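Here is what each chain is made of, one letter per residue.
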Amino acid sequence: MAKRKSSKDYFGLGRILSIILAIIPVTAWILGICTRISEGKIVAGIIRIFFGFNIVWLIDLILMIVNGRILRLINA
């Protein structure tokens, strides 16, 4: 059986490592910005610069634990 390539967040790191990085607010903020910009979503990256350190961090943490992906609030 072929292994399915997963497109998880935080640059394809393992789920446990991604959860650990998401727990730390500063790394979650920086990696969230880098992830969105690397996807080509410049506006979403800029919005994360200003709003990614508060409620977005908590939502990202919950979503990372539940399904391994960060919040996709806008796709712009």
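Shown above is the structure to which this text applies.
Described below are features of the structure shown in this document.

Scoring rules and cut-offs
- Residues numbered from 1 in each chain as written.
- Predicted model: local features only at pLDDT ≥ 70, side-chain atom pairs only at ≥ 80, totals over all residues.
- Heavy atoms only, no water.
- Helix = DSSP H or I, 4+ residues; strand = E, 2+ residues; numbered from the N terminus.
- Buried < 20%, exposed > 50% of the residue type's maximum accessible area, 1.4 Å probe, protein only.
- Contact = heavy atoms within 4.5 Å.
- Areas by Shrake-Rupley, 256 points an atom, 1.4 Å probe, with all protein chains shown as cover.
- Patch = residues over 30% accessible without salt bridge, like charges linked within 9 Å, V, L, I, M, F, W, Y side chains within 5 Å.
- Salt bridge = Lys/Arg side-chain N within 4 Å of Asp/Glu carboxyl O.
- Core = buried A, V, L, I, M, F, W, Y, C linked by side-chain atoms within 4.5 Å.
- Axes fitted to C-alpha atoms, helices over the stretch in contact; angles between N-to-C directions.
- Parallel < 35°, antiparallel > 145°, perpendicular 65-115°, else oblique.
- Nonpolar A, V, L, I, M, F, W, Y, C, P; charged D, E, K, R; others polar.

Observations concerning the overall build of the chain
Counting its secondary structure elements, the chain contains 4 helices and 0 strands. The buried share of the chain, taken over its 76 residues, is 32%. At a minimum sequence separation of 6, the contacts of the chain that also span at least 24 residues come to 57%. In the form shown here, the chain has an accessible surface area of approximately 5,100 Å², with 75% of it arising from carbon and sulfur atoms.

Focus on a nonpolar patch on the surface
There is a patch of nonpolar side chains on the surface, built from Phe 11, Leu 13, Ile 16, Leu 17, Ile 20, Ile 23, Ile 24, Val 26 and Ile 30 and spanning about 830 Å² of accessible area. Sorting the residues of the nonpolar patch by element identifies helix 1 (15–23) and helix 2 (25–38) as the ones contributing at least two each. Here the nonpolar patch gets 4 residues from one element, more than from any other, and that element is helix 1. The residue Ile 24 is located in the loop between helix 1 and helix 2 in this model. By relative accessible area, which is 40% here, Ile 24 ends up partly exposed.

Notes on the nonpolar core
Listed in full, the 10 residues of the largest apolar core are Tyr 10, Ile 19, Leu 21, Ala 22, Ala 28, Leu 31, Trp 57, Leu 61, Met 64 and Ile 70. Breaking this core down by element, the ones donating at least two residues are helix 1, helix 2 and helix 4 (55–67). Every residue in contact with Met 64, bar those within four places of it in the chain, is listed here: Asp 9, Tyr 10, Arg 15, Ser 18, Ile 19, Ala 22, Arg 69 and Ile 70.

Re the packing of helix 1 against helix 2
The contact between helix 1 and helix 2 brings their axes to 5 Å, and the two run at 110 degrees. Classified by the interaxial angle, the pair formed by helix 1 and helix 2 is roughly perpendicular. Along the contact surface, helix 1 presents Leu 21, Ala 22 and Ile 23, while helix 2 presents Pro 25, Thr 27, Ala 28 and Leu 31. Classifying every residue of the contact of helix 1 with helix 2 gives 6 nonpolar, 1 polar and no charged.

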